[in-house]
Amino acid sequence: MRSHTILLSTLGFACAPIVASAQTDITHAQQEILLLEATPIGALPPIALPMPASRNHSYWAFRLQAGDRESPGESGLPAFAGGIDFQYRGGSVIGITGGYQKRDCGLMGGGCGGHTLFGFRSRINLMTGGQTFGSLFHDPSSTTTLGGEVGFGYAPNVVSGMAACSLDFGVPITISFGQTIRIASFLTPGIMWDLNCSGPESPSRPAYLTGFGIGIQQLGSRGLDVYLGVQKIYRRDSGFQIGVSVTYVRLP
C-alpha cells in the first residue's frame, strides 16, 4: 500500500509542471501583446470626432462599443464597453469608458474567462473648416475637423495576474458629407505606450497605431451616430481590430 502511495505521489509531482505549462504556456512576446491590447485603447474600435455643434451649448453623449481583435494565439479577443462623453461648448470632449474583454482561451487554457477594462480620453478640436476636401465632391455642406487626443487605459488581471496600463496621443481627422444624414470618414493616427504598471517584467515602450473607418451621423435622429472602425497597432504579432460604435448625443 505504501509503495502505491509513493508511486502516485511521484506521478503527481511529475505531471504538475506539465499541466501548469499547458495552462500558462505563453511566451514573453505574447504576454506583451495581450497587455498592449487589453485596455480600451487597444481593445475597442476607433471612433470619429464628434460633429461640430453650437458653441452656445454643452452636450452629454452616451456611447456603446463592441469589437474583436486578432490575438497572438488561436482565438480572438472580443470586447464590449459603454461610455459617457461631455462635449464642452460644441467643441472639445472628455469621456470615460468601462467594459469587458474576453481572454483568448486557446492561448490561456480552459476556464480563462475575461477581465474588465477602464479608460479616460480627452479630445480637443484644433480646427474645423468647410469643404476643404468636400470641394472635390462639390458638396458645400462638407466639414473637415482636425483634433488632438490623449487617453489613458487600465485593465486588471489580464494575464498571469498582471495588469495593463496604457497611454496614447493621437491626431484624429474627420471629414463629413451630406445634409439630413451625414457620412463621416475618419482617420486616427497616433502613438501609445504600454506603461510599466506590473513591475520590471512589463517594460514600457511605444507602438504606433492607426485607426480608420466610416460612419453615418444623424441616423433617424439628430443625435444618433453609428460607426464602423478598424485599427492596427504596429507591433509584431498584433493583429487588426474591427468593431462598431453607437453614440447618442442628448441635444438641448
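All of these numbers come straight from a predicted model, not from anything done at the bench. (Residues numbered from 1 in each chain as written. Predicted model: local features only at pLDDT ≥ 70, side-chain atom pairs only at ≥ 80, totals over all residues. Heavy atoms only, no water.)

(A) Quick look at the overall build of the protein chain. Within the protein chain, the secondary structure is distributed over 4 helices and 11 strands. Relative to its 252 residues, the protein chain shows a buried fraction of 46%. Intrachain contacts of the protein chain at a sequence separation of at least 6 include 60% that bridge at least 24 residues. (Helix = DSSP H or I, 4+ residues; strand = E, 2+ residues; numbered from the N terminus. Buried < 20%, exposed > 50% of the residue type's maximum accessible area, 1.4 Å probe, protein only. Contact = heavy atoms within 4.5 Å.)

(B) Layout of helix α2 (residues 28-36). Taking burial as the measure, the 9 residues of α2 include 7 buried ones, the bulk of the element. For α2, the set of buried residues is Gln30, Gln31, Glu32, Ile33, Leu34, Leu35 and Leu36.

(C) Molecular detail of the environment of Cys197. Tracing the chain through its elements places Cys197 in the loop between β8 (182-195) and β9 (206-217). Taking the C-alpha atoms as reference points, Cys197 and Ala163, separated by 34 residues in sequence, lie 6.7 Å from one another.

(D) Representation of the pattern of salt bridges. A complete count under the given rule lists 8 salt bridges for this structure. Here Arg235 and Glu32 are joined by a salt bridge, their closest N and O atoms 3.1 Å apart. Taken together, the residues span a long stretch of sequence, with Arg235 in the loop between β10 (224-233) and β11 (240-250) and Glu32 in helix α2 at a distance of 203 residues. Accessibility classification places Arg235 together with Glu32 in one group, the buried group. A salt bridge links Arg69 to Glu37; its shortest N-O distance comes to 4.0 Å. (Salt bridge = Lys/Arg side-chain N within 4 Å of Asp/Glu carboxyl O.)

The values are spatial; any link to function lies outside them.
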